[in-house]
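Given next are the chains, with one letter for each unit.
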Amino acid sequence: MEDSQPSTSDHQPSTINHQPVLALRPGVVYTGSGTARIGLPAGDYTIYASRGFEYSVRTQQLTLPPGRSYPLPMRIRREVPTPGMVACDTHVHTFTYSHHGDATIEERMLTLAGEGIELPIATDHDILTDYSEPARRMRVQDYFTPVIGDEVTTEAGHFNIFPVQPGSRVPDHRITDWPKLMEELRATPGVRVVVLNHPRNIHNNFQPFAEKNFNPVTGENRRGFEFSFDAIEVANSSALQSDLMLTFHDWLALLNYGYRVTAVGSSDCHDVSRYIVGQGRSYVLCDDSHPGKINIEEACQSFLKGRVLVSLGLLVQMSVDDKFGVGDLATGLGELTRVTVTVLGPSWARADRVELYANGVRIRDQHIDVAAGPVEKTRITWMIPRPAYDTHLVAIASGPAVAGPYWPIAKPYQPSSRVWEPRVLGATNPIWVDGDGDGRFTPPRAYAKEIVKRVGVDPKKLVAELAKYDESVAAQAASLCQATGRDVRSAEVEEALKTALQHVKRGFAAYANTQQK
Ligand SMILES: [Zn+2]
Ligand SMILES: [Zn+2]
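What counts and what doesn't
- Residues numbered from 1 in each chain as written.
- Chains lettered and ligands numbered in written order.
- Predicted model: local features only at pLDDT ≥ 70, side-chain atom pairs only at ≥ 80, totals over all residues.
- Domains from an automatic or database assignment.
- Helix = DSSP H or I, 4+ residues; strand = E, 2+ residues; numbered from the N terminus.
- Nonpolar A, V, L, I, M, F, W, Y, C, P; charged D, E, K, R; others polar.
- Axes fitted to C-alpha atoms, helices over the stretch in contact; angles between N-to-C directions.
- Parallel < 35°, antiparallel > 145°, perpendicular 65-115°, else oblique.
- Left-handed = near helix turned anticlockwise from the far one by under 90°.
- Contact = placed C-beta atoms within 7 Å.
- Pairing = 2+ DSSP bridges.

### Some remarks on the domain arrangement of the protein
Then, in step 1: When its domains are assigned, the protein resolves into domain 1 (7–64), domain 2 (79–312), domain 3 (313–442) and domain 4 (444–513).
Then, in step 2: Between the C-alpha centres of domain 2 and domain 3 the distance comes to 22 Å.
Then, in step 3: Per-element accounting of the side of domain 2 that touches domain 3 gives the leading share, six residues, to helix α5 (residues 246–257).
Then, in step 4: Residues belonging to the side of domain 2 that touches domain 3 are distributed by class as follows: 19 nonpolar, 10 polar and three charged.

Structural data, given as C-alpha coordinates:
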(Lines give C-alpha, C1' and ligand atoms only; values in the text may rest on other atoms or scores of the structure.)
(Ligands and ions follow the chains in the order given, each with its own letter.)
Protein backbone atom coordinates (compact mmCIF):
# COMPACT_ATOMS: atom_id res chain seq x y z
CA MET A 1 0.00 0.00 0.00
CA GLU A 2 1.09 3.55 -0.57
CA ASP A 3 1.35 6.71 1.38
CA SER A 4 -0.02 5.96 4.77
CA GLN A 5 0.33 3.81 7.81
CA PRO A 6 -2.50 1.32 8.16
CA SER A 7 -3.98 0.69 11.56
CA THR A 8 -6.29 -1.97 12.94
CA SER A 9 -9.93 -1.05 12.93
CA ASP A 10 -11.64 -1.05 16.29
CA HIS A 11 -14.72 -2.77 14.86
CA GLN A 12 -13.22 -6.23 15.13
CA PRO A 13 -11.21 -7.98 17.78
CA SER A 14 -7.62 -7.04 17.02
CA THR A 15 -6.14 -9.36 19.60
CA ILE A 16 -6.18 -12.99 20.66
CA ASN A 17 -5.41 -13.30 24.38
CA HIS A 18 -4.10 -9.71 24.21
CA GLN A 19 -1.77 -10.53 21.27
CA PRO A 20 -2.23 -8.73 17.94
CA VAL A 21 -3.52 -10.94 15.12
CA LEU A 22 -1.88 -8.73 12.54
CA ALA A 23 1.73 -7.67 12.11
CA LEU A 24 1.63 -4.09 10.84
CA ARG A 25 4.28 -1.77 9.47
CA PRO A 26 3.93 1.23 7.14
CA GLY A 27 2.52 -0.17 3.91
CA VAL A 28 2.57 -3.82 5.04
CA VAL A 29 0.07 -6.06 6.83
CA TYR A 30 0.64 -9.72 7.73
CA THR A 31 -2.36 -11.77 8.82
CA GLY A 32 -2.37 -15.24 10.33
CA SER A 33 -5.91 -16.01 9.17
CA GLY A 34 -5.99 -14.72 5.60
CA THR A 35 -8.23 -11.77 6.46
CA ALA A 36 -7.37 -8.34 7.81
CA ARG A 37 -9.51 -5.36 8.68
CA ILE A 38 -7.54 -2.16 8.41
CA GLY A 39 -8.34 1.53 8.52
CA LEU A 40 -6.84 3.92 5.97
CA PRO A 41 -7.19 7.63 5.23
CA ALA A 42 -9.31 8.40 2.17
CA GLY A 43 -7.26 8.32 -1.04
CA ASP A 44 -5.97 6.26 -3.95
CA TYR A 45 -4.30 2.96 -3.20
CA THR A 46 -2.65 0.06 -4.92
CA ILE A 47 -3.02 -3.06 -2.82
CA TYR A 48 -0.99 -6.22 -3.38
CA ALA A 49 -1.89 -9.57 -1.84
CA SER A 50 0.94 -12.10 -1.67
CA ARG A 51 2.27 -15.06 0.29
CA GLY A 52 5.91 -15.34 -0.56
CA PHE A 53 7.79 -17.29 -3.19
CA GLU A 54 5.34 -20.11 -3.92
CA TYR A 55 2.22 -17.94 -4.43
CA SER A 56 0.79 -15.57 -7.00
CA VAL A 57 0.42 -11.83 -6.37
CA ARG A 58 -2.93 -10.10 -6.75
CA THR A 59 -2.98 -6.39 -7.49
CA GLN A 60 -5.93 -4.07 -6.90
CA GLN A 61 -6.32 -0.32 -7.53
CA LEU A 62 -8.65 1.34 -5.09
CA THR A 63 -10.04 4.81 -4.47
CA LEU A 64 -11.20 5.02 -0.90
CA PRO A 65 -13.75 7.77 -0.08
CA PRO A 66 -13.99 9.00 3.51
CA GLY A 67 -16.15 7.14 6.00
CA ARG A 68 -16.79 3.99 3.98
CA SER A 69 -15.71 0.40 4.49
CA TYR A 70 -15.18 -2.06 1.67
CA PRO A 71 -14.82 -5.80 1.64
CA LEU A 72 -12.00 -6.54 -0.78
CA PRO A 73 -11.59 -10.20 -1.70
CA MET A 74 -8.12 -10.81 -3.16
CA ARG A 75 -7.69 -14.42 -4.08
CA ILE A 76 -4.16 -15.70 -4.59
CA ARG A 77 -3.10 -19.20 -5.62
CA ARG A 78 -0.28 -21.62 -5.17
CA GLU A 79 1.93 -21.37 -8.26
CA VAL A 80 5.30 -23.04 -7.65
CA PRO A 81 5.03 -26.80 -7.12
CA THR A 82 7.39 -28.04 -4.39
CA PRO A 83 6.22 -31.58 -3.57
CA GLY A 84 8.66 -33.49 -1.37
CA MET A 85 10.53 -30.30 -0.56
CA VAL A 86 10.30 -28.30 2.62
CA ALA A 87 10.66 -24.51 2.57
CA CYS A 88 13.25 -23.84 5.27
CA ASP A 89 14.77 -20.62 6.57
CA THR A 90 17.88 -21.63 8.52
CA HIS A 91 18.39 -18.16 9.99
CA VAL A 92 15.53 -16.34 11.74
CA HIS A 93 15.62 -13.70 14.50
CA THR A 94 13.13 -11.90 16.70
CA PHE A 95 13.45 -8.52 18.37
CA THR A 96 12.13 -10.15 21.53
CA TYR A 97 15.21 -12.35 21.97
CA SER A 98 17.88 -10.76 19.74
CA HIS A 99 17.10 -7.17 20.85
CA HIS A 100 17.56 -5.63 17.45
CA GLY A 101 15.31 -5.30 14.43
CA ASP A 102 11.59 -4.91 15.19
CA ALA A 103 9.70 -8.23 14.89
CA THR A 104 8.30 -9.39 18.21
CA ILE A 105 8.04 -13.15 18.58
CA GLU A 106 4.27 -12.91 18.00
CA GLU A 107 4.79 -10.92 14.80
CA ARG A 108 7.45 -13.42 13.70
CA MET A 109 4.85 -16.22 13.86
CA LEU A 110 2.63 -14.28 11.42
CA THR A 111 5.45 -13.33 9.05
CA LEU A 112 6.72 -16.94 8.84
CA ALA A 113 3.22 -18.24 8.07
CA GLY A 114 2.66 -15.30 5.73
CA GLU A 115 5.78 -16.07 3.68
CA GLY A 116 5.11 -19.81 3.50
CA ILE A 117 8.13 -20.96 5.54
CA GLU A 118 7.46 -24.52 6.69
CA LEU A 119 10.63 -25.16 8.69
CA PRO A 120 11.89 -22.04 10.47
CA ILE A 121 15.09 -22.43 12.48
CA ALA A 122 15.01 -20.02 15.42
CA THR A 123 18.52 -18.58 15.61
CA ASP A 124 18.51 -15.69 18.04
CA HIS A 125 21.98 -14.72 19.28
CA ASP A 126 23.28 -17.07 21.98
CA ILE A 127 19.84 -17.95 23.30
CA LEU A 128 17.45 -20.83 22.59
CA THR A 129 14.06 -19.70 21.29
CA ASP A 130 11.15 -22.13 20.97
CA TYR A 131 8.37 -21.03 18.61
CA SER A 132 5.98 -23.88 19.58
CA GLU A 133 3.93 -22.02 22.19
CA PRO A 134 3.77 -18.64 20.39
CA ALA A 135 2.81 -20.42 17.13
CA ARG A 136 -0.14 -22.07 18.90
CA ARG A 137 -1.07 -18.82 20.59
CA MET A 138 -1.10 -17.03 17.22
CA ARG A 139 -3.04 -19.98 15.69
CA VAL A 140 -0.49 -20.64 12.92
CA GLN A 141 0.90 -23.92 14.30
CA ASP A 142 -0.33 -25.94 11.28
CA TYR A 143 1.73 -23.86 8.83
CA PHE A 144 5.21 -24.68 10.08
CA THR A 145 7.31 -26.91 12.33
CA PRO A 146 9.48 -24.84 14.67
CA VAL A 147 13.10 -25.85 15.19
CA ILE A 148 15.19 -24.59 18.11
CA GLY A 149 18.58 -23.40 16.93
CA ASP A 150 21.15 -20.84 18.01
CA GLU A 151 23.28 -18.28 16.21
CA VAL A 152 26.48 -18.77 18.14
CA THR A 153 27.78 -15.24 17.87
CA THR A 154 31.53 -15.18 18.52
CA GLU A 155 34.13 -12.51 17.90
CA ALA A 156 35.51 -14.85 15.23
CA GLY A 157 32.43 -15.54 13.15
CA HIS A 158 28.80 -16.56 13.54
CA PHE A 159 27.61 -20.16 13.30
CA ASN A 160 24.06 -21.46 13.22
CA ILE A 161 23.49 -24.80 14.90
CA PHE A 162 20.32 -26.91 14.88
CA PRO A 163 18.37 -28.67 16.20
CA VAL A 164 19.08 -28.02 19.87
CA GLN A 165 17.27 -30.00 22.56
CA PRO A 166 15.05 -27.74 24.66
CA GLY A 167 16.60 -26.79 27.97
CA SER A 168 20.19 -27.37 26.81
CA ARG A 169 23.05 -25.13 27.86
CA VAL A 170 23.88 -22.70 25.04
CA PRO A 171 27.40 -23.09 23.61
CA ASP A 172 30.05 -20.73 24.96
CA HIS A 173 30.22 -17.88 22.44
CA ARG A 174 33.47 -16.57 23.96
CA ILE A 175 35.44 -19.36 22.27
CA THR A 176 37.16 -17.95 19.19
CA ASP A 177 39.47 -20.86 18.34
CA TRP A 178 37.52 -22.61 15.57
CA PRO A 179 38.54 -26.24 16.26
CA LYS A 180 37.65 -25.76 19.95
CA LEU A 181 34.47 -23.94 19.02
CA MET A 182 33.42 -26.77 16.68
CA GLU A 183 33.83 -29.27 19.53
CA GLU A 184 31.69 -27.04 21.70
CA LEU A 185 28.99 -26.74 19.00
CA ARG A 186 28.91 -30.48 18.30
CA ALA A 187 28.72 -31.25 22.03
CA THR A 188 25.47 -29.30 22.32
CA PRO A 189 22.60 -31.81 22.81
CA GLY A 190 20.68 -32.54 19.61
CA VAL A 191 22.90 -30.64 17.17
CA ARG A 192 23.12 -32.22 13.69
CA VAL A 193 23.97 -29.29 11.44
CA VAL A 194 26.56 -26.51 11.80
CA VAL A 195 26.35 -23.63 9.31
CA LEU A 196 29.02 -20.98 8.72
CA ASN A 197 27.00 -17.78 8.41
CA HIS A 198 27.62 -14.83 6.06
CA PRO A 199 31.31 -15.73 5.42
CA ARG A 200 32.09 -12.41 3.69
CA ASN A 201 30.55 -10.11 6.29
CA ILE A 202 32.63 -8.28 8.86
CA HIS A 203 31.66 -8.40 12.54
CA ASN A 204 33.97 -7.41 15.41
CA ASN A 205 36.61 -6.64 12.78
CA PHE A 206 36.60 -10.28 11.71
CA GLN A 207 35.69 -11.58 8.24
CA PRO A 208 35.64 -15.40 8.11
CA PHE A 209 36.70 -15.49 4.46
CA ALA A 210 39.06 -12.50 4.48
CA GLU A 211 42.12 -12.83 2.25
CA LYS A 212 44.35 -13.70 5.19
CA ASN A 213 42.00 -16.46 6.38
CA PHE A 214 40.85 -18.16 3.21
CA ASN A 215 42.10 -18.89 -0.30
CA PRO A 216 39.05 -18.33 -2.58
CA VAL A 217 40.62 -20.23 -5.49
CA THR A 218 41.70 -23.44 -3.76
CA GLY A 219 39.32 -23.43 -0.78
CA GLU A 220 42.27 -23.72 1.63
CA ASN A 221 41.98 -22.47 5.17
CA ARG A 222 44.96 -20.13 5.50
CA ARG A 223 44.81 -20.42 9.28
CA GLY A 224 46.11 -24.00 9.06
CA PHE A 225 43.51 -26.29 10.59
CA GLU A 226 40.82 -28.00 8.49
CA PHE A 227 37.29 -26.57 8.27
CA SER A 228 34.59 -28.75 9.78
CA PHE A 229 31.28 -26.95 9.36
CA ASP A 230 28.55 -28.82 7.44
CA ALA A 231 27.01 -25.97 5.49
CA ILE A 232 27.62 -22.40 4.42
CA GLU A 233 25.32 -19.48 3.66
CA VAL A 234 25.69 -18.58 -0.02
CA ALA A 235 22.57 -16.40 -0.15
CA ASN A 236 21.72 -14.52 3.05
CA SER A 237 19.06 -12.05 1.89
CA SER A 238 19.75 -9.58 4.72
CA ALA A 239 23.51 -9.59 4.08
CA LEU A 240 23.99 -9.90 0.34
CA GLN A 241 27.33 -9.08 -1.25
CA SER A 242 27.76 -6.42 -3.95
CA ASP A 243 28.93 -9.32 -6.12
CA LEU A 244 26.14 -11.86 -5.62
CA MET A 245 28.38 -14.66 -6.94
CA LEU A 246 31.24 -14.09 -4.48
CA THR A 247 29.94 -16.49 -1.81
CA PHE A 248 29.05 -19.06 -4.48
CA HIS A 249 32.66 -19.04 -5.74
CA ASP A 250 33.93 -19.38 -2.15
CA TRP A 251 31.70 -22.42 -1.69
CA LEU A 252 32.72 -23.99 -5.03
CA ALA A 253 36.37 -23.59 -3.99
CA LEU A 254 35.61 -25.45 -0.73
CA LEU A 255 34.16 -28.30 -2.80
CA ASN A 256 37.27 -28.34 -5.01
CA TYR A 257 39.45 -28.68 -1.93
CA GLY A 258 37.37 -31.73 -1.00
CA TYR A 259 35.08 -30.39 1.73
CA ARG A 260 31.53 -31.73 1.68
CA VAL A 261 29.76 -28.50 2.52
CA THR A 262 26.10 -27.85 1.69
CA ALA A 263 25.10 -24.47 0.25
CA VAL A 264 22.12 -22.93 2.03
CA GLY A 265 19.91 -19.89 1.51
CA SER A 266 18.49 -17.96 4.47
CA SER A 267 17.05 -14.57 5.38
CA ASP A 268 18.75 -13.63 8.70
CA CYS A 269 15.68 -11.49 9.16
CA HIS A 270 15.19 -9.43 12.34
CA ASP A 271 12.24 -7.39 11.09
CA VAL A 272 8.59 -7.49 10.02
CA SER A 273 9.08 -5.77 6.67
CA ARG A 274 12.37 -3.87 6.43
CA TYR A 275 13.73 -7.23 5.28
CA ILE A 276 11.51 -10.18 4.29
CA VAL A 277 11.72 -13.36 6.33
CA GLY A 278 12.26 -16.39 4.09
CA GLN A 279 13.30 -14.27 1.08
CA GLY A 280 16.52 -16.23 0.96
CA ARG A 281 15.55 -19.81 1.77
CA SER A 282 16.49 -23.46 1.34
CA TYR A 283 14.28 -26.13 -0.21
CA VAL A 284 15.14 -29.35 1.57
CA LEU A 285 14.28 -32.81 0.27
CA CYS A 286 11.85 -34.03 2.94
CA ASP A 287 8.23 -35.13 3.31
CA ASP A 288 6.19 -31.92 3.33
CA SER A 289 2.64 -33.32 3.44
CA HIS A 290 2.02 -31.88 6.93
CA PRO A 291 3.90 -28.57 7.36
CA GLY A 292 3.06 -28.55 11.08
CA LYS A 293 4.57 -32.01 11.58
CA ILE A 294 7.79 -32.14 9.58
CA ASN A 295 10.31 -34.82 10.53
CA ILE A 296 13.23 -32.66 11.65
CA GLU A 297 15.72 -35.55 11.58
CA GLU A 298 14.78 -36.32 7.96
CA ALA A 299 15.34 -32.67 7.04
CA CYS A 300 18.71 -32.61 8.83
CA GLN A 301 19.86 -35.71 6.96
CA SER A 302 19.05 -33.96 3.69
CA PHE A 303 21.05 -30.92 4.83
CA LEU A 304 24.03 -33.19 5.53
CA LYS A 305 23.68 -35.03 2.21
CA GLY A 306 23.39 -31.83 0.17
CA ARG A 307 19.81 -32.53 -0.92
CA VAL A 308 19.05 -28.81 -0.80
CA LEU A 309 18.15 -26.12 -3.34
CA VAL A 310 19.06 -22.50 -2.64
CA SER A 311 16.33 -20.00 -3.46
CA LEU A 312 16.21 -16.22 -3.70
CA GLY A 313 13.21 -15.77 -6.01
CA LEU A 314 13.93 -18.79 -8.27
CA LEU A 315 14.10 -22.54 -7.81
CA VAL A 316 16.45 -24.68 -9.90
CA GLN A 317 16.25 -28.45 -10.30
CA MET A 318 18.86 -30.57 -12.03
CA SER A 319 19.21 -34.19 -13.11
CA VAL A 320 21.89 -36.28 -14.81
CA ASP A 321 20.70 -38.94 -17.27
CA ASP A 322 17.16 -38.44 -15.91
CA LYS A 323 17.99 -40.59 -12.92
CA PHE A 324 20.49 -38.82 -10.67
CA GLY A 325 19.39 -35.77 -8.71
CA VAL A 326 20.97 -33.12 -6.50
CA GLY A 327 23.10 -34.74 -3.78
CA ASP A 328 23.55 -37.98 -5.76
CA LEU A 329 26.73 -39.62 -7.03
CA ALA A 330 26.08 -40.08 -10.76
CA THR A 331 27.92 -43.23 -11.69
CA GLY A 332 27.93 -45.90 -14.43
CA LEU A 333 27.74 -43.19 -17.07
CA GLY A 334 28.18 -43.44 -20.86
CA GLU A 335 30.31 -41.27 -23.15
CA LEU A 336 27.69 -38.51 -23.16
CA THR A 337 25.76 -37.41 -20.09
CA ARG A 338 22.39 -35.75 -20.30
CA VAL A 339 22.17 -32.80 -17.89
CA THR A 340 18.67 -31.33 -17.50
CA VAL A 341 18.09 -28.07 -15.65
CA THR A 342 14.59 -26.79 -14.84
CA VAL A 343 14.02 -23.26 -13.55
CA LEU A 344 10.83 -22.53 -11.63
CA GLY A 345 9.50 -19.38 -10.04
CA PRO A 346 6.26 -17.51 -9.36
CA SER A 347 4.67 -15.60 -12.25
CA TRP A 348 6.07 -12.35 -10.80
CA ALA A 349 9.74 -13.43 -11.06
CA ARG A 350 11.77 -13.72 -14.25
CA ALA A 351 14.86 -15.74 -15.16
CA ASP A 352 17.16 -14.58 -17.97
CA ARG A 353 20.27 -16.69 -17.43
CA VAL A 354 21.23 -20.27 -16.56
CA GLU A 355 24.84 -21.21 -15.81
CA LEU A 356 26.32 -24.66 -15.34
CA TYR A 357 29.50 -25.09 -13.31
CA ALA A 358 31.75 -28.16 -13.31
CA ASN A 359 34.34 -28.13 -10.50
CA GLY A 360 33.54 -24.44 -10.13
CA VAL A 361 34.38 -23.68 -13.77
CA ARG A 362 31.50 -22.34 -15.86
CA ILE A 363 30.98 -24.76 -18.74
CA ARG A 364 27.58 -23.59 -20.03
CA ASP A 365 25.97 -20.14 -20.00
CA GLN A 366 22.54 -19.85 -21.57
CA HIS A 367 20.49 -16.69 -21.90
CA ILE A 368 16.72 -16.93 -21.81
CA ASP A 369 14.93 -14.37 -23.95
CA VAL A 370 11.38 -15.64 -23.61
CA ALA A 371 10.11 -17.64 -20.66
CA ALA A 372 8.70 -21.06 -21.55
CA GLY A 373 5.79 -20.49 -19.17
CA PRO A 374 4.64 -18.35 -16.23
CA VAL A 375 6.02 -20.79 -13.61
CA GLU A 376 8.39 -23.12 -15.46
CA LYS A 377 10.70 -20.46 -16.88
CA THR A 378 12.83 -22.86 -18.85
CA ARG A 379 13.95 -26.45 -19.13
CA ILE A 380 17.34 -26.95 -20.72
CA THR A 381 19.00 -30.20 -21.69
CA TRP A 382 22.70 -30.26 -22.36
CA MET A 383 24.52 -33.33 -23.70
CA ILE A 384 27.93 -33.18 -22.07
CA PRO A 385 30.87 -35.47 -22.85
CA ARG A 386 31.74 -37.37 -19.71
CA PRO A 387 35.16 -36.19 -18.53
CA ALA A 388 37.82 -38.81 -17.65
CA TYR A 389 37.96 -37.35 -14.11
CA ASP A 390 35.26 -36.60 -11.55
CA THR A 391 33.41 -33.27 -11.51
CA HIS A 392 30.76 -31.72 -9.30
CA LEU A 393 27.97 -30.07 -11.28
CA VAL A 394 26.08 -27.01 -9.99
CA ALA A 395 23.40 -25.05 -11.87
CA ILE A 396 22.66 -21.40 -11.07
CA ALA A 397 19.79 -19.41 -12.62
CA SER A 398 19.26 -15.69 -12.24
CA GLY A 399 17.08 -12.86 -13.44
CA PRO A 400 16.23 -9.19 -12.91
CA ALA A 401 14.98 -8.08 -9.50
CA VAL A 402 11.21 -8.05 -8.97
CA ALA A 403 9.81 -4.67 -10.02
CA GLY A 404 6.79 -4.56 -7.66
CA PRO A 405 7.14 -3.12 -4.14
CA TYR A 406 6.03 -6.44 -2.57
CA TRP A 407 9.41 -8.22 -2.91
CA PRO A 408 12.28 -5.73 -2.70
CA ILE A 409 15.78 -7.21 -2.46
CA ALA A 410 17.71 -5.23 0.14
CA LYS A 411 20.95 -3.47 -0.76
CA PRO A 412 24.13 -4.92 0.76
CA TYR A 413 24.64 -3.23 4.11
CA GLN A 414 28.38 -3.85 3.81
CA PRO A 415 28.89 -2.99 0.13
CA SER A 416 32.26 -3.55 -1.56
CA SER A 417 31.24 -1.48 -4.57
CA ARG A 418 28.99 1.46 -5.37
CA VAL A 419 27.42 -0.62 -8.11
CA TRP A 420 24.45 -2.68 -7.02
CA GLU A 421 22.45 -4.78 -9.42
CA PRO A 422 19.93 -6.84 -7.42
CA ARG A 423 19.00 -10.16 -9.05
CA VAL A 424 16.70 -13.03 -8.21
CA LEU A 425 18.53 -16.33 -8.21
CA GLY A 426 18.31 -20.01 -7.57
CA ALA A 427 21.05 -22.62 -7.28
CA THR A 428 21.40 -26.34 -6.84
CA ASN A 429 23.79 -28.22 -4.62
CA PRO A 430 26.08 -30.56 -6.58
CA ILE A 431 25.45 -33.73 -8.47
CA TRP A 432 28.73 -35.62 -8.05
CA VAL A 433 29.72 -37.00 -11.45
CA ASP A 434 31.87 -40.12 -11.31
CA GLY A 435 33.81 -39.41 -14.50
CA ASP A 436 36.61 -41.90 -13.83
CA GLY A 437 34.08 -44.63 -13.08
CA ASP A 438 35.57 -45.86 -9.81
CA GLY A 439 32.27 -45.65 -7.95
CA ARG A 440 33.19 -42.70 -5.74
CA PHE A 441 33.83 -38.98 -6.00
CA THR A 442 37.39 -37.65 -6.11
CA PRO A 443 37.75 -33.86 -5.67
CA PRO A 444 40.18 -31.74 -7.74
CA ARG A 445 42.69 -31.42 -4.87
CA ALA A 446 42.93 -35.20 -4.52
CA TYR A 447 43.71 -35.52 -8.25
CA ALA A 448 46.35 -32.80 -7.93
CA LYS A 449 47.92 -34.58 -4.95
CA GLU A 450 48.04 -37.86 -6.84
CA ILE A 451 49.64 -36.16 -9.86
CA VAL A 452 52.28 -34.38 -7.76
CA LYS A 453 53.04 -37.64 -5.98
CA ARG A 454 53.45 -39.39 -9.31
CA VAL A 455 55.42 -36.83 -11.38
CA GLY A 456 56.78 -34.47 -8.72
CA VAL A 457 56.84 -30.69 -9.05
CA ASP A 458 59.05 -30.44 -12.12
CA PRO A 459 57.10 -27.69 -13.95
CA LYS A 460 57.37 -29.26 -17.43
CA LYS A 461 56.20 -32.69 -16.31
CA LEU A 462 53.46 -31.25 -14.11
CA VAL A 463 52.11 -28.97 -16.83
CA ALA A 464 52.06 -31.86 -19.33
CA GLU A 465 50.22 -34.12 -16.91
CA LEU A 466 47.60 -31.44 -16.06
CA ALA A 467 46.55 -31.24 -19.73
CA LYS A 468 44.15 -34.15 -19.13
CA TYR A 469 42.31 -32.36 -16.31
CA ASP A 470 40.57 -29.02 -15.85
CA GLU A 471 41.43 -25.57 -14.54
CA SER A 472 40.44 -26.47 -10.97
CA VAL A 473 42.93 -29.36 -10.82
CA ALA A 474 45.64 -27.07 -12.26
CA ALA A 475 44.94 -24.45 -9.55
CA GLN A 476 45.19 -27.11 -6.82
CA ALA A 477 48.44 -28.41 -8.35
CA ALA A 478 49.83 -24.85 -8.38
CA SER A 479 49.06 -24.60 -4.66
CA LEU A 480 50.78 -27.92 -3.91
CA CYS A 481 53.77 -26.74 -5.99
CA GLN A 482 53.96 -23.54 -3.96
CA ALA A 483 53.72 -25.51 -0.71
CA THR A 484 56.87 -27.48 -1.64
CA GLY A 485 58.76 -24.19 -1.97
CA ARG A 486 58.64 -23.88 -5.74
CA ASP A 487 57.28 -20.40 -6.47
CA VAL A 488 54.59 -20.56 -9.15
CA ARG A 489 55.71 -17.11 -10.34
CA SER A 490 59.31 -18.22 -10.91
CA ALA A 491 60.90 -18.00 -14.36
CA GLU A 492 61.07 -21.77 -14.58
CA VAL A 493 57.32 -22.23 -14.04
CA GLU A 494 56.55 -19.34 -16.39
CA GLU A 495 58.66 -20.98 -19.07
CA ALA A 496 56.87 -24.32 -18.69
CA LEU A 497 53.46 -22.58 -18.86
CA LYS A 498 54.30 -20.96 -22.21
CA THR A 499 53.44 -24.15 -24.06
CA ALA A 500 50.70 -25.28 -21.64
CA LEU A 501 47.04 -25.64 -22.57
CA GLN A 502 44.79 -22.67 -21.77
CA HIS A 503 43.02 -24.30 -18.82
CA VAL A 504 46.39 -25.07 -17.18
CA LYS A 505 47.51 -21.46 -17.68
CA ARG A 506 44.25 -20.19 -16.20
CA GLY A 507 44.51 -22.49 -13.16
CA PHE A 508 48.07 -21.38 -12.41
CA ALA A 509 47.23 -17.70 -13.00
CA ALA A 510 44.18 -17.88 -10.72
CA TYR A 511 46.29 -19.39 -7.96
CA ALA A 512 49.22 -16.97 -8.51
CA ASN A 513 46.76 -14.07 -8.07
CA THR A 514 46.04 -15.23 -4.53
CA GLN A 515 49.75 -15.00 -3.52
CA GLN A 516 51.21 -11.83 -2.01
CA LYS A 517 53.16 -9.83 -4.55
ZN1 LIG B 1 25.20 -13.22 12.16
ZN1 LIG C 1 21.80 -13.55 12.29
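Picking up where we left off.
### Regarding the packing of helix α7 (residues 444–455) against helix α9 (residues 471–483)
Then, in step 1: Where α7 contacts α9, the two axes come as close as 8 Å, and the packing angle between them is 55°. Comparing the axis directions of α7 and α9 gives the class oblique. Pair α7 / α9 crosses with right-handed handedness. From α7, Pro444, Arg445, Tyr447, Ala448, Lys449, Ile451 and Val452 reach across to α9, where they touch Ser472, Val473, Gln476, Ala477 and Leu480.
Then, in step 2: Here the residues of the contact of α7 with α9 are counted per class, giving eight nonpolar, two polar and two charged.

### Comments concerning the sheet that holds strand β15 (residues 231–236)
Then, in step 1: Strand order in the open sheet formed by five strands is β12-β13-β14-β15-β16, and the pairing between neighbours is mixed. Each edge of the sheet is formed by a strand with only one pairing partner; in this case those strands are β12 (150–154) and β16 (262–266). Each neighbouring strand pair of the sheet contributes to a mean axis angle of 35°, computed without reference to strand direction.
Then, in step 2: For β15 and β16, the ladder comprises five bridges, and the chain directions are parallel. Bridged to Ala231 within β16 is Thr262.

### Regarding the sheet that holds strand β19 (residues 315–320)
Then, in step 1: As summarised here, the arrangement of the four strands in space is β20-β19-β22-β25, forming an open sheet in which the pairing is antiparallel. Of all the strands in the sheet, the pair left with one neighbour each is β20 (324–325) and β25 (376–385).
Then, in step 2: Examined bridge by bridge, β19 and strand β22 (residues 336–344) share six bridges and lie antiparallel to one another. Of the residues in β22, the one forming a bridge with Met318 is Val341.

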